[in-house]
Every structure is written in C-alpha cells, then in structure tokens.
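Given next are the chains, with one letter for each unit.
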Amino acid sequence: MIVTIDKNGALTVPPDLVSAVGLSPGDKVSIETSGDKILLSTITSTQLPDTSEIISGSFSEAIKKKNLQTGVQFIRGIGPKLAVLLEKRDIKTIEDLLYLLPLRYEDRRELIPISHLRAGQTSVFSGKILSADSATTKGGRRVFEVVVGDDSGSITFKWFHANAVWMKRTWTLGRIGIFSGEISQFGFQREVHHPDVEWLKDGCDLKSVLDSDPANFGKIVPVYPLTEGLHQKTMRRIMKEVLDNFLNNIESAIPADVLPAEFPTLKIALNHVHWPPPDANLIDFNGGKTPSHRAMAFDEFFYWELGLALKKRGVALEKGIAFQVTHRYTKELVRLLPFELTAAQRKVLSEIKIDMMSPHPMHRLVQGDVGSGKTLVALMAALVAVENGYQVAFMAPTEILAEQHWHTIHRWCSQMDIEVILVTASLKGKARKDLLERIADGKAQIVVGTHSVIQEKIEFSNLGLGIIDEQHRFGVLQRGILKKKGANPDILVMTATPIPRTLAMTLFGDLSLSVIDELPPGRIPVETKLYFESRRGRVYDMIRGEAKQGHQSFIIYPLVEETEKSDLRAASQMAEHLGSDIFSSLRVGLLHGRMDPDEKERVMSSFKNRELDILVSTTVIEVGIDIPNATLMVIEHAERFGLSQLHQLRGRVGRGSIKSQCILLTSGKLSEDGEKRLRVMESTTDGFRIAEADLEIRGPGDFLGTRQAGMPDFRVANILRDGSVLEQARQAAFTLIDKDPELSAACNKPLYAELMRRWEKRLELATIG
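Rules of the game
- Residues numbered from 1 in each chain as written.
- Predicted model: local features only at pLDDT ≥ 70, side-chain atom pairs only at ≥ 80, totals over all residues.
- Heavy atoms only, no water.
- Pairing = 2+ DSSP bridges.
- Helix = DSSP H or I, 4+ residues; strand = E, 2+ residues; numbered from the N terminus.
- Axes fitted to C-alpha atoms, helices over the stretch in contact; angles between N-to-C directions.
- Contact = heavy atoms within 4.5 Å.
- Salt bridge = Lys/Arg side-chain N within 4 Å of Asp/Glu carboxyl O.
- Buried < 20%, exposed > 50% of the residue type's maximum accessible area, 1.4 Å probe, protein only.
- Parallel < 35°, antiparallel > 145°, perpendicular 65-115°, else oblique.
- Left-handed = near helix turned anticlockwise from the far one by under 90°.

Novice: A description of the sheet that holds strand β14 (residues 363-368) should follow, citing residues and the corresponding values.
Specialist: Spatial strand order, β16-β17-β15-β18-β19-β14-β20: 7 strands in an open sheet with parallel pairing. At either margin of the open sheet sits one strand with a lone partner, and together these are β16 (420-423) and β20 (512-516). Each adjacent strand pair in this sheet contributes to an overall mean axis angle of 20°, direction not counted. Where strand β15 (residues 391-395) meets strand β17 (residues 446-449), 4 bridges bridge the pair, whose relative direction is parallel. By the bridge assignment, Phe 394 is partnered in β17 with Val 448. Contacting β14, β18 (463-469), β19 (490-495) and β20, helix α12 (residues 343-357) crosses the sheet at an angle of about 155° to β20. Here helix α14 (residues 399-413) sits on the sheet and contacts β15, β16, β17 and β18; the angle it forms with β16, its principal contact strand, is near 170°.

In structure tokens:
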C-alpha cells in the first residue's frame, strides 16, 4: 500500500485503509509508533512535514524511513497542543529536540534528609506538608508559606505574588512530594523560594516511586528550558521516547580519524548529555565540560570551520591582481615621515606585500591596539596599489573617523601629488557630481568615506584595493559589495578593537591574520584611576591643572541630552553648566553625533588648534581622533560603558610624549560586572587582555555590540568555554581541506552534504566576503 504526503503536508490515506481505521479518504492523520504497532488519529489542524514524497510499503516501513527532520508530532505522546508549545521554543523536528540541551542537571541519585540541607546548595529531598497558608513579611509583603518536614527536621518554602486560593488547593496538609531548589538561610531559618515539586500518588511509598520512575529519580536528571504549559516531567518523557526510538538513526558524517580520540561518538555524546551515566560528575555536567559536551561542541565548530576553510581556499583559487612593489611612493613616504616604523609595523607590511604580489586576492585582517599605527600600515598598502595604477577605497564606520583618515592620508599624499578625496553622505549637488566623475575616470586615486563609498552610484575606474576600518561594525555584506566594485580587488580589514583569538577564528576564520603588537616609541602608558562621586572636586582641579600647563582635556558623557527617565548627566546640559559655572575662565566646547558634519568639523578643528581647553563629548570620539596635546580623559558614568568602549575612549589621550591620565568617574552604584570592568581598566592598558576580559563578562553577542552578520548561532558550543575545542576543530577542518580541497573523495561526500544542509545560507553569504 502507498501513503502519500503531498507538498502541503497533507498525508492522504489510501481507500483500502479506510474501513480498517475508520478514516475518510484525504484525512490528515498523525502517526505514532508503539513497538511494531501503528497508532493513527485524525488531526485536521496539525501541519504535517513539509515534504513531497511517496512512501511504498506498509505504515511500519514508512515509520522506519523517518529521519531526524521528522516533525515532533510523530512522537508518541505529543499531541497538537504539546506540538504548539514546543514550537514556541522553535522545536519542530526530532533534531531540534535532540539539540535542546539541558540548562543544568540535578543530582537525584539519593534524597538528602532535610536536617542535612545546606545554604547555597541546590538539593533534592522528600517531605510531607505540615502547614500551608498566606503570611506577611516584616516589610509588609504578602507571601505564601509552606512548611515541609521529614523524620530529621523541617524547612520553609516561600512564593511571592502567588495565587493563595490555587496554592491552598495544591499544597494540602499531609501531601508527600519530592522537592528541589536552592537552599537559602535567613537567620536560623532555612528556606527554598519557588521550589520544583513532583507529587507522590496517594498510597504510593517513596521507594516504589523512585524505582518505578527512572527518568526522574535515582540518577542525575536534566533540567530543560521550558515554555509556559510545559513541565520537566513531560520534557524528560519526550526526550526518553526520542532517544529510545531515534538514537540509532544518528550517524556522524565526520570521519572517525578526524574526531579527536578523547571524544565519544556523536551518538554516545547525545545519549549522555540527555541521560547522564550513573557515575557522572555533576560539576562537569553543569559546567558543560564533559567529554560528551565537548564532542558536541567539536561537531558544531568543525562544520563552521570547514565552511571557512572551503571559503578561504576558494579565495585562494580566484584570479586576483598581482601587484608589483616598485617603491615609487612607499620609499618616498618613509622619507617624509618624522619617525621610524616599528618592527611590528614592518612585519605586518611585509605580510601584506607578499599577499598583494600574489596572483590571488588578498583577504587579510590587521589587528592593532589603540595608537599602534594601523592607518600608516594601511596607507603603505594603498600606495602599492597606486604605484600599479589602481584606485583604493578606504571605508570607515563614522564620518568623523572618515574625515580623520582623509586628513592623515591627504597630508602625506599631497606631497607626492596623489589625489585623495573624501566622500560623505552630506555632499550634495554639483560638488557631489564632480567628485563621482573624478572617481569614475580614475583621477581620484584614493577614495575615503563611510558606507557611502559602496553606494550604487559610485563607480570606480580601476579599483585594486579595498580597506575596511573597524570591520565588526560593517559585517560581511558590505565587504562583499566593496569587492564587487572592482575585478576581485584585494581586501584589507583593520580593527582597533582587539578581538580575542577564539572570536577572531570564529568570525574571520577565512581571513589571514596580522597583529601590530607594539606601540610607537616614546608613548607613555595612560594611568587610569577609578574615582567615586565624592571626589568630583578633585577631578575638576586636575582639569584646571592640565589647562594651566597648556594641555587639553576630554569629558565624556553617555547621552547627548538628559531625559526624564534617566538620572544620567548628559553632554549638552553639562557643557553649558561646566562652561558657565565650573570652568568659566576656560574655553569649553561641545561635540556629539547629532551635529551636522560641518559643525563637528569646526569643533574638532578648534580643539586640534588648541582654541579649546576642554572638549565635552559623547562617544562620537570613540575611535580615531588624534590630539597629541590632550592629556586627560574624564569618563562620566563610566559603569555605563563596555570595556572595549572604555579602552577606545582612553586611547584618545596619551598619543604624544606627555604623561596622560584617564579618570573613570562613577556614582558608586556598581553592579558586580560593572565593578569588574572598571577594575580591569585600572589594572591594564593591554587591549588584548581587556578584550578577553570583556568577552568573559559580556559574552560574544554583546561583545560585538550587534549580532555580527554571518556569526554562527551555536546550539551547544560556547567559544569562551570551548576555546581549546575550537582550536582542535579548526586544525582538523583545515587539514582535511588541504588533503581533499573540494571534499570530492567518496568518503567525504556525506560530510559535504551535511555541511551544505547545516550552513548553506551562511556559506552563500560567506562567498561574497
């Protein structure tokens, strides 16, 4: 007999089955299996798998052919309501369920007597309800309190904002349950707030329950993320059903000789993370550090790195521009410079020149700490392209930074008769038309701007090199559009936000990596101090002292204007207050992102030309502003900024040979993370150490500010916890691509198919990078 699943997901029952199961032709049905039995029920509202296939044979054979993409509604015990609840957690298939890892684990191998419960521990224990009623705390809060006891002692449960009527009906005197939760201690009283409970049926003794319910007792049990209406017992029952029926369907496409020897197979790993073995280490399981967790992290990392390896190899095979290094302009620039390049700059320049001379496109990321001289390195690369008759596009994330780059580059290039132009969104009319013509006919040799450089209307005559500053603010889409502006131009990416190695490997694993790890000679590290509000007067004295010596100061605020909802000081109001009330004898300027470009430029020029003593600003000056005479940076509400942002702001001072300071001013209301950030800033000026700390405190998503285009959303792997596994996966993936560049060997074809299934859309996106 034949069962047809049409393209709309309707499963059509053949006429010869109608009498047997009491259905009508064309009915939608759900299928459940129980051993060899097939259970059918009419489901007219449930969407069946979106596939078009004809399955020959019996229903049993149809079930056997189901794979991990099978919809959850085919699992025994999952009806339409439960399927809808699971879909709220984006769980639609068997695979989604298998990769829904527990949030944590509870040790239920033995129940702890109540007298042995200790504060700070999450424990599992049994007891009988001795009392249950509403109560009022000393502070006047209404709570629902339950006292539970066993032969050894008693403990109090508390719920805040609970429905007392419903609670009394549920928590009846004499009822016995198994409870779990974190133990707290208040004076002499031990408490559990909002405990989990599993009730014993009337007449059941504890031992028989423990013996008869192995999914929930007598072992380390998983605690899953839920949605309203779902319960842990239900999730564990579903997971057991999935493991029993589908675990044997799991075969990893990763060759056995690629998987590190210390890791179990994917099948064993999945079984263990959902169903920990009797001798499991609870701490390792809760930390995600078991070999099984690490094996699953390796699986995810491996496919991502495999995609990056294929992409990198694809770039290596593309035909690019083989530049000749004639030194026509580069030697001239070295002669003009009033200082020597650092050894780190020379090393990175050498790596860039080798890439540019190759017949394939350069894709290189240059990381350098604040003030390490990345712009100069980028200019040297640009001059190599100009020497060969090609144009250069230089993209910066903000107009202020684009203007800063233009000033720096134009200052040197004008002495060598190289035309450098600045493209901004504010440029209009005839001036814009003339500028676009100069780019199109090749007269403009270096084009500096923001994302406006990659607008459709801008056409280059002969683009040979694209330079992108602060890559993490753009994402791979902009990188791809820039690439299409020329015939496979070289791409040089720069970032002044040091990115920890693990994150760099994940985000930019297809790029070659260079690091400028040395500051120019004569730079004195900026001294950083954390000051609380009570020392504001001392900070103002420091600003006056710098001004007396002819030096300048920045004062940074998180907001442009104050709002009713915020008690934060804001730049506009404070600039007025400081200028008229605090520093009336000094010259105070204001800079923020809402000003028009001309106004911003006037303020910055005044500050550069020492016509202002103090510049009050928002974070618009975060990157690229170069004022060697500025020696003091005061950051108001410092606790409101991320570590990397604080580090960038601090980098605006200490750019000359004069000792500089950075004062982190805070109200004193610090969270634990807030204080950690500020203490890290006090302790080091090393951008890479700061980046590692920031990544640890905030996690990858927040570290990047917004979700990076192309950043993988790992289900199991964690780049902080699993950094060493990422290294292993990267090495294994790149080694495999070296041996089989197109994954065309018969043994690797399943691997290629799985790679496409997992990452097809992301890898398509990656190919434009």
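Novice: For the pattern of salt bridges, give the residues involved together with the corresponding values.
Specialist: Pairing between side chains of opposite charge can happen when their charged atoms approach one another. Applying the stated rule across the entire model yields 29 salt bridges. A salt bridge links Glu 95 to Arg 757, with the shortest nitrogen-to-oxygen separation between them at 2.7 Å. Here Glu 95 is found in helix α4 (residues 94-98), whereas its partner Arg 757 is found in helix α25 (residues 749-767), with 662 residues between them in sequence. Taking relative accessible area as the criterion, Glu 95 reaches 9% and is therefore assigned buried. Here Arg 757 falls in the partly exposed class, since its relative accessible area comes to 38%. Where Arg 757 meets Glu 754, a salt bridge forms, and the shortest distance between an N and an O atom there is 2.9 Å.

Novice: Which residues make up the packing of α14 against helix α20 (residues 597-608), and what are the values?
Specialist: The N-to-C vectors of α14 and α20 enclose an angle of 55°; their axes lie 11 Å apart at closest approach. Put simply, α14 runs oblique to α20. For the element pair α14 and α20, the recorded crossing hand is right-handed. Where α14 approaches α20, its residues Glu 399, Ile 400, Glu 403, Gln 404 and His 407 are matched on the opposing element by Pro 597, Lys 600, Glu 601 and Lys 608.

Novice: Please set out the pairing of strand β22 (residues 552-556) residue by residue, giving values where relevant.
Specialist: Taking burial as the measure, the 5 residues of β22 include 5 buried ones, the bulk of the element. Side chains Gln 552, Phe 554 and Ile 556 project from β22 onto one buried face, and the interleaved Ser 553 and Ile 555 project onto a second face that is buried too. One ladder, built from 5 bridges, connects β22 with strand β25 (residues 630-635); its direction is parallel. Directly across from Ile 555, in β25, lies its bridge partner Val 634. When β22 meets strand β24 (residues 614-617), the two strands line up parallel, connected through 4 bridges. The residue of β24 that forms the bridge with Ile 556 is Ser 617.

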